[in-house]
Amino acid sequence: MAANNSKRKNIFTKYFTVISFIVFICLAVVGTFLLFFISDYWQKEKAELLSENAKSISQSMSSLIESETIEADRMQTYLLMYHSMRLISTAIDADIFICDTTGSVVVCGDSADYTHLVQDCPVHGDMQISESVLSSNLTKGQAEMTTLGGVYSTPHLTVGETVMFHGKPVAYVFATQSNSASVRPYMLDILKMFLFSALFSLIIAFIAVYILTYNMVKPLRDMSKATKAFAKGDFTYRVKVRGNDELSDLSQAFNTMAKSLGVLEASRRSFVANVSHELKTPMTTIGGFIDGILDGTIPPEKEEYYLKKVSDEIRRLSRLVMTMLNMSKIEAGELKIKPSRFDISQRIFQVLIAFEQNIDKKHIEIQGLDSMESVFVEADEDMIHQVIYNLVDNAVKFTPENGYIAVSALSSSGKVFVRIRNSGEGIASEEVSRIFERFYKVDKSRSFDVKGAGLGLYIVKSIIDMHGGQITASSKVGEYTEFVFWLPADFSGN
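Cut-offs applied
- Residues numbered from 1 in each chain as written.
- Predicted model: local features only at pLDDT ≥ 70, side-chain atom pairs only at ≥ 80, totals over all residues.
- Heavy atoms only, no water.
- Patch = residues over 30% accessible without salt bridge, like charges linked within 9 Å, V, L, I, M, F, W, Y side chains within 5 Å.
- Areas by Shrake-Rupley, 256 points an atom, 1.4 Å probe, with all protein chains shown as cover.
- Salt bridge = Lys/Arg side-chain N within 4 Å of Asp/Glu carboxyl O.
- Helix = DSSP H or I, 4+ residues; strand = E, 2+ residues; numbered from the N terminus.
- Buried < 20%, exposed > 50% of the residue type's maximum accessible area, 1.4 Å probe, protein only.
- Pairing = 2+ DSSP bridges.
- Expected span 1.5 Å × (residues − 1).
- Polar contact = N/O pair within 3.5 Å; in protein donor to acceptor, adjacent residues only side chain to side chain.
- Axes fitted to C-alpha atoms, helices over the stretch in contact; angles between N-to-C directions.
- Parallel < 35°, antiparallel > 145°, perpendicular 65-115°, else oblique.
- Left-handed = near helix turned anticlockwise from the far one by under 90°.
- Contact = heavy atoms within 4.5 Å.
- Nonpolar A, V, L, I, M, F, W, Y, C, P; charged D, E, K, R; others polar.
- Phe/Tyr/Trp six-rings, centres within 6.5 Å; stacked < 30°, edge-to-face > 60°.
- Lys NZ or Arg CZ within 6 Å of the ring centre and 35° of its normal.

Engineer: Got a sec to walk through a nonpolar patch on the surface? Specific residues and values, please.
Structural biologist: On the surface, a nonpolar cluster with roughly 900 Å² of combined accessible area is contributed by Val 18, Phe 21, Ile 22, Phe 24, Ile 25, Val 29, Phe 33, Phe 36 and Phe 37. As for its position among the elements, Phe 24 is in helix α1 (residues 2-67).

Take a look at the structure:
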């Protein structure tokens, strides 16, 4: 029992773990893509901002050069550019500087003031931009992650603009920003917010997954419990149907199966009791008559009479055994049809002749024989004989004295119809739909004959179905019971 409980817990844990892992992976993927897109968006925004400011400074310097040459008033130009770059670099947290055509920095915003030379600047004093950088696309407003040819130890987001005078480059403006220094705090803040939101979402998701998994596994636990009850012979347990999904359909189907098993078990027990009675009674009778003949209790002149009784009981046993064998063959698919063409009306007549003694004894009137014509059908003659025999046997059995049995056979639209009706108590409407079930017997309190194993009509229907036909029953309590079956006139084997 402990092992079974452990298995159930393992199933629950398995589903809970798998679903939780999927939720966690989904959040991780969302977080990764979020950070990637934010980083990409930040880089584009920063590149655009750097490009705009570098272009602005480049244009300002071009305007200054055109209005007055650098040689005429170098300090005035430096002063204006110094203040402009210092304001912009502080505002956008960027490193902005101007270098000449040799790559030497001539103006920057990091000097203590404009009166100090750039050579004294701790940031740009020794900075030298290579010729390859100056001639690259970087100086044409293209944003790149670069170290400026080894000037920086780590990649910087850099935008360059060329200052032109009379169609020739006279200086270069660079605006750079450290990627790690600027984006890292921003990304860390975003990451913190995402992790906090993800943690809160995961808690809610885990609770929801736990409840969902528990409710999903619960019907399976109920079915497991029901199966154990069935194994002990208790078919009364029912699984609670929850919702309207596949699991609820499974639960409903499980309950239907349980009901069918319960009915089948009850029928089986009834069948065992009936068969035991059917076997015991004739065997006791046979044994008693034989013992009476052997020990002289039965006089010699009565021996023939009692031997006929023994013969009747042996035939009864033979029919019961044959019925059970046929049922086993039908269920195993071993009963094969051997079709042949024969007159089914003649078969009905022969079967009625076999019951002549019982018919005369109960003064039963046979209706329909005088008007019945020959009707030929292609089917297994022995099987159809058994069908007719079982139906006539039931009719004779349940027809009261001075009652009637009506028979007919006709052919229509490629089908052969056979009808057998008998007067009598009839069958209640709630039982008519079940009389073809295996082991089922009509309410004994209203039956003239309580013998039988409840297999006759089951075998009849099975044989008719095998031939591709159909059998129906109808009844009116206190008046009649009627069986009608049809067969294809030409057997197709389908």
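Engineer: Describe the pattern of salt bridges, naming the residues involved and giving the relevant values.
Structural biologist: Taken as a whole, this structure holds 7 salt bridges when the rule is applied. As a salt-bridge pair, Arg 347 and Glu 381 come within 2.8 Å of each other at their nearest N and O atoms. Pair noted here: Arg 347 is in helix α7 (residues 344-354) and Glu 381 is in helix α9 (residues 381-398), with a separation of 34 residues, a long-range link. By relative accessible area, which is 16% here, Arg 347 ends up buried. For Glu 381, a relative accessible area of 26% translates into the label partly exposed. Residue Arg 419 pairs with Glu 482 through a salt bridge whose shortest N-O separation is 3.2 Å. Residue Arg 419 is located in strand β10 (residues 415-423), and its partner Glu 482 is located in strand β12 (residues 480-488); the two are separated by 63 residues in the primary sequence. Look at the salt bridges and you will find they share partners, linking Arg 419, Arg 421 and Glu 482 into a network.

Engineer: Account for the pairing of strand β11 (residues 470-476), with residues named and values stated.
Structural biologist: Where β11 and β12 come together, 7 bridges link them in antiparallel fashion. Its bridge partner lying in β12, Ile 471 is registered against Phe 485. Hairpin connection of β11 to β12: 3 residues between the antiparallel strands, including Gly 478 at a positive phi of 85 degrees.

Engineer: Could you give me a rundown of α9, with the residues and numbers involved?
Structural biologist: Along its 18 residues, α9 runs 26 Å from first to last C-alpha, staying within 8% of the 26 Å computed at 1.5 Å per residue. Within α9 the residues assigned to the buried category are Met 383, Ile 384, Gln 386, Val 387, Ile 388, Asn 390, Leu 391, Val 392, Asn 394, Ala 395 and Val 396. For α9, the N-terminal capping position is held by Asp 380, with its side-chain oxygen 3.2 Å away from the main-chain nitrogen of Asp 382.

Engineer: With reference to specific residues and values, describe the packing of α7 against α9.
Structural biologist: Two numbers describe how α7 lies on α9: the axes approach to 10 Å, and their chain directions differ by 50 degrees. It follows that α7 is oblique to α9 by the angle criterion. Helix-helix and strand crossings are classified by hand; for α7 and α9 the assignment is right-handed. Where α7 approaches α9, its residues Ile 344, Arg 347, Ile 348, Val 351 and Leu 352 are matched on the opposing element by Glu 381, Ile 384, His 385, Ile 388, Tyr 389 and Val 392. Taken together, the residues that form the contact of α7 with α9 break down as 8 nonpolar, 1 polar and 2 charged.

Engineer: Could you give me a rundown of the sheet that holds strand β5 (residues 168-178), with the residues and numbers involved?
Structural biologist: Where strands meet in a sheet, backbone hydrogen bonds hold them as pairs that are either parallel or antiparallel. Here 5 strands make up an open sheet; going across it, the order is β2-β1-β5-β4-β3 and the pairing antiparallel. Single-partner strands in this sheet number two, and they are β2 (105-108) and β3 (144-146). Neighbour-to-neighbour, the strand axes of this sheet turn through a mean angle of 35 degrees, independent of strand direction. Two strands pair when backbone bridges link them, and β3 and strand β4 (residues 156-165) are joined in this way by 3 bridges, in the antiparallel orientation. Residue pairing for β4: Met 145 is matched across the bridge by Leu 157.

Engineer: For the sheet that holds strand β9 (residues 404-412), give the residues involved together with the corresponding values.
Structural biologist: Reading across from one edge, β7-β9-β10-β12-β11 is the order of the 5 strands in this open sheet, with mixed pairing throughout. Edge strands, defined here as strands with exactly one partner in the open sheet, are β7 (365-367) and β11. The sheet shows a mean angle of 15 degrees between the axes of neighbouring strands, direction not considered. Pairing between β10 and β12: 9 bridges, direction antiparallel. Of the residues in β12, the one forming a bridge with Val 416 is Leu 487.

Engineer: Give me the packing of aromatic side chains: which residues, what numbers.
Structural biologist: Applying the stated rule across the entire model yields 7 aromatic pairs. Between the aromatic rings of Phe 36 and Phe 37, the centroid separation amounts to 5.5 Å while the plane-to-plane angle is 70 degrees, which identifies the pairing as edge-to-face. For the pair formed by Phe 36 and Phe 37, the shared burial category is exposed. One aromatic cluster is present, built from ring pairs that chain together Phe 33, Phe 36 and Phe 37. The lysine or arginine in question, Lys 415, covers the ring of Trp 486, its NZ or CZ lying 4.0 Å from the ring centre. Positioned over the ring face of Tyr 480 is Arg 421, at 3.9 Å from the centre of the ring.

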